[in-house]
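If you want the building blocks of each chain, they are given just below.
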Amino acid sequence: MHVIGRDSEDEGPVCRFGCYRARDGSDGAAVGLDVNRPHAAVVVGKRGSGKSHTLGVVAEGLARAGGVAPVVIDPMGVFGGLAESPIDATVHDAPSVRADALPPSAWPDLLGLDPTAPAGSLVWRLAAEEDSLLAMRGAVADADAAPEARRAAANHLALADSWDVFSPDGLDPQSLCGPAPDVLDLSGLDATPANAVARVVARGLYDARVAGSVSRIPWLLLDEAHAFAGGLAEPALRTILTRGRAPGVGVVLATQRPSALPEVAVSQADLRVVHRLTAGPDVSAMAAADPTYFDESLRARLPRERGCALVVDDTTETVHDVRVRPRETPDGGATPRAVPDRDRSETVE
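My aim in this report is to walk through the structure given alongside it, one point at a time.

Conventions adopted
- Within any chain, residue numbers begin from 1 and follow the written order of that chain's sequence.
- Only residues with pLDDT of at least 70 get local features here, since the model is predicted, and only at 80 or more are side-chain atom pairs given and counted; chain-wide, interface and lining totals rely on the full set of residues.
- In computing side-chain values, all of the structure's heavy atoms are included and hydrogens and water are not.
- Runs of H or I in DSSP of at least four residues are treated as helices and runs of E of at least two as strands, each being numbered from the N terminus.
- Throughout, radius of gyration means the C-alpha value; the globule benchmark is 2.2 Å times the number of residues raised to the power 0.38.
- In this scheme, a residue with accessible area under 20% of its type's maximum is buried, one over 50% is exposed, and one in between is partly exposed, where area comes from a 1.4 Å probe on protein chains only.
- Contacts are assigned to residue pairs with any non-hydrogen atoms lying within 4.5 Å of each other.
- Where accessible areas are quoted, they stem from the Shrake-Rupley method and a 1.4 Å probe; at the residue level, only the protein chains shown are allowed to cover.
- Residue count minus one, scaled by 1.5 Å, sets the expected span of a helix.
- Between 30 and 60 degrees the pair is tilted, below 30 it is stacked and above 60 it is edge-to-face, where a pair is any two Phe, Tyr or Trp rings, Trp via its six-membered ring, whose centres lie within 6.5 Å.
- Should DSSP find at least two bridges between two strands, the strands are regarded as paired.
- Note on geometry: axes are C-alpha line fits, over the in-contact stretch for helices, and angles between N-to-C directions span 0 to 180 degrees.
- Only buried Ala, Val, Leu, Ile, Met, Phe, Trp, Tyr and Cys residues count toward a nonpolar core, and they belong to the same one when joined by side-chain atoms within 4.5 Å.
- For this classification, under 35 degrees means roughly parallel, over 145 means roughly antiparallel, 65 to 115 means roughly perpendicular, and everything else is oblique.
- We call a crossing left-handed when the near helix sits turned anticlockwise from the far one by less than a right angle, and right-handed when that turn is clockwise.
- For this classification, Asp, Glu, Lys and Arg are treated as charged, while Ala, Val, Leu, Ile, Met, Phe, Trp, Tyr, Cys and Pro are nonpolar and the rest, including Gly, are polar.
- Within this document, salt bridges are pairs made up of a side-chain nitrogen of Lys or Arg and a carboxyl oxygen of Asp or Glu, the two lying within 4 Å of each other.
- Two N or O atoms count as a polar contact when they lie within 3.5 Å, although within protein this holds only if one can serve as hydrogen donor and the other as acceptor, and sequence-adjacent residues are included solely when both atoms are side-chain atoms.

**Concerning the overall build of the protein chain**
Stage number 1. What the protein chain contains, in helices and strands, is 10 helices and 12 strands.
Stage number 2. The C-alpha radius of gyration of the protein chain comes to 22 Å, within 12% of the 20 Å expected for a compact globule of 349 residues.
Stage number 3. Each principal axis of the C-alpha distribution contributes one length, and for the protein chain these read about 75 × 55 × 40 Å.
Stage number 4. Residues classed as buried in the protein chain amount to 50% of the 349 residues present.
Stage number 5. Considering only contacts within the protein chain whose residues lie at least 6 apart along the sequence, 72% involve residues at least 24 apart.
Stage number 6. When the accessible surface of the protein chain is summed, it comes to about 15600 Å², and 47% of that surface belongs to carbon and sulfur atoms.

**What to know about helix α3 (residues 118-129)**
Stage number 1. Taking 1.5 Å as the rise per residue, α3 with 12 residues should run 16 Å; its terminal C-alpha atoms sit 17 Å apart, in good agreement.
Stage number 2. In this structure, the buried side of α3 is in contact with α2 (107-110), α4 (133-139) and α5 (147-162).

**Looking at the packing of aromatic side chains**
Stage number 1. The tally for this structure, following the rule as stated, stands at 1 aromatic pair.
Stage number 2. Aromatic side chains Trp 107 and Phe 166 sit 4.9 Å apart centroid to centroid with 40° between the ring planes, which places their arrangement in the tilted category. One end of the pair, Trp 107, is in helix α2; the other, Phe 166, is in the loop between α5 and β7 (182-185), with 59 residues separating them in the sequence. By the burial criterion, Trp 107 is buried, and Phe 166 matches it.

**Focus on the sheet that holds β7**
Stage number 1. Spatial strand order, β1-β3-β2-β12-β11-β10-β4-β9-β8-β5-β7-β6: 12 strands in an open sheet with mixed pairing. Two strands close off the open sheet at either side, each with one partner strand: β1 (2-4) and β6 (90-93). Direction aside, neighbouring strands of the sheet carry axes that sit 25° apart on average.
Stage number 2. Of the strand pairs in this sheet, β6 and β7 are connected by 4 bridges, and their pairing is parallel.

**Digging into the nonpolar core**
Stage number 1. Among the nonpolar cores identified, the biggest contains 71 residues, and Trp 107, Leu 110, Leu 111, Leu 157, Phe 166, Val 201 and Leu 220 are the most heavily contacted of them.
Stage number 2. Looking at this core, the element that brings in the most residues is helix α6 (residues 191-211), giving 10 residues.
Stage number 3. Beyond its immediate sequence surroundings of up to four residues, Leu 111 is in contact with Val 123, His 156, Leu 157, Ala 160 and Trp 163.

**As for the packing of α3 against α5**
Stage number 1. The N-to-C vectors of α3 and α5 enclose an angle of 60°; their axes lie 8 Å apart at closest approach. Between α3 and α5, the interaxial angle falls into the category oblique. The handedness of the crossing between α3 and α5 comes out as right-handed. Contacts between α3 and α5 involve Pro 118, Ala 119, Leu 122, Val 123 and Leu 126 on the former and, on the latter, Ala 149, Arg 150, Ala 152, Ala 153 and Leu 157.
Stage number 2. Of the residues contributing to the contact of α3 with α5, the split by class is 9 nonpolar, no polar and 1 charged.

**Re the environment of Val 43**
Stage number 1. Relative to the elements of secondary structure, Val 43 occurs in strand β4 (residues 40-44).
Stage number 2. Residue classification places Val 43 among the buried positions, given a relative accessible area of 2%.
Stage number 3. Through-space distance from the C-alpha of Val 43 to that of Asp 100 is 32 Å; in sequence the pair is 57 residues apart.
Stage number 4. Not counting residues within four places of it along the chain, the set of residues in contact with Val 43 comprises Lys 51, Thr 54, Val 252, Leu 253, Ala 254, Thr 255, Val 273 and His 275.

**Overview of the pattern of salt bridges**
Stage number 1. Evaluated as defined, the whole model comprises 16 salt bridges.
Stage number 2. Of the charged contacts in the structure, one is a salt bridge between Glu 328 and Arg 64, with a shortest N-O distance of 2.6 Å. Note that Glu 328 is positioned in the segment after β12 (318-324) and Arg 64 in the loop between α1 (51-63) and β5 (68-74), a separation of 264 residues in sequence.
Stage number 3. Judged by its relative accessible area of 53%, Arg 64 falls in the exposed class.
Stage number 4. Across the pair Arg 137 and Asp 161 runs a salt bridge, and its minimum N-O distance is 2.6 Å. On the criterion of sequence distance, the pair formed by Arg 137 in helix α4 and Asp 161 in helix α5 is long-range, its members being 24 residues apart.

**Observations concerning unusual backbone geometry**
Stage number 1. Going from Ser 85 to Pro 86, the amide bond is cis rather than trans, its omega being 10°.
Stage number 2. As for its placement among the helices and strands, Pro 86 is situated in the loop between β5 and β6.
Stage number 3. With a phi angle near 50°, Glu 224 is a residue other than glycine that sits in the positive phi range.
Stage number 4. Following the sequence through the fold, Glu 224 ends up in the loop between β8 (217-222) and α7 (234-243).
Stage number 5. The class for Glu 224 is buried, based on a relative accessible area of 12%.

**Quick look at the side chain of Arg 301**
Stage number 1. On the secondary structure map, Arg 301 appears in helix α10 (residues 298-301).
Stage number 2. Residue Arg 301 is classed as buried on the basis of its relative accessible area, which comes to 18%.
Stage number 3. For Arg 301, the side chain forms a polar contact with the side chain of Asp 321, separated by 2.9 Å.

**Topic: the packing of α6 against α7**
Stage number 1. Close contact between α6 and α7 brings their axes to 8 Å; oriented N to C, the two are set at 30°. In terms of axis orientation, α6 runs roughly parallel to α7. The chirality of how α6 crosses α7 is left-handed. Note on element contacts: α7 touches α6 through Pro 235, Ala 236, Leu 237, Thr 239, Ile 240 and Arg 243, opposite Arg 199, Ala 202, Arg 203 and Tyr 206.
Stage number 2. Residue classes in the contact of α6 with α7 are distributed as 6 nonpolar, 1 polar and 3 charged.

Have a look at this one:
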């Protein structure tokens, strides 16, 4: 098996990924991905091209590897199948986090308040002084601020409470660093509270490795990454992308809209898995990162078949045409069909 993402003399755990795709379309030798060291990867492709399937394959491979801790942030609720044998992931439905795990400076942004305005400044101060959302709400009435600022702050904190994502018993990112995958199902949340959970978890995994409090290498797998670009979670994701290698945090961002990702996501990725793309801005976003060792244009090599991908490996400065393997667990991201494949021949159109 050829292992993408590592030099030939390296060893260690491997994610079984798929096989090479020959020029005639047939399957070639087996291909794996290195998971012995943390990588920053992006998986991109238009809707239905197989990007979420690929993210699930990576999660399955990480679950079988020693010394790593896969954490899947699932904004669409399609990775619940990882809970089935042989992977046996833990799915956290409607996960919550501690309010004081979010930096005080992030609270005005979370609530759509100007941090320099009276209400935003008050929320910032309350977040710095209190250790829970309940305590923040209780402290508003006696805060040293104008009545209008207290009223606005109280209303916005009540909104945050209605999301049900902040709890003193919320997830501790360190508890997610076990051998089996943890899937955080955020499908019941709007974009703003989902970003809050993603930021706390992403930053918590990074801080845990910096502090040396977890021995396994966490891998954060984020589907629909464009929904978090420019949002509250972006600073934490940017930290992992730019500084995660040294402490040891891997990250895989999957999106159908690579043009919506921050430039750092593509430029810092040492693995780029490109499924079919047709939208001009998305093709241009990926083509802009064409490496000098790529002797053809990405546009000319884009795969056309579902499940096929072009993998750009900056570690070995190579480019690979691959077919991603089938999932071992149910693929919740597969496109539903009115008529199952086995029944199509019996249907008259």
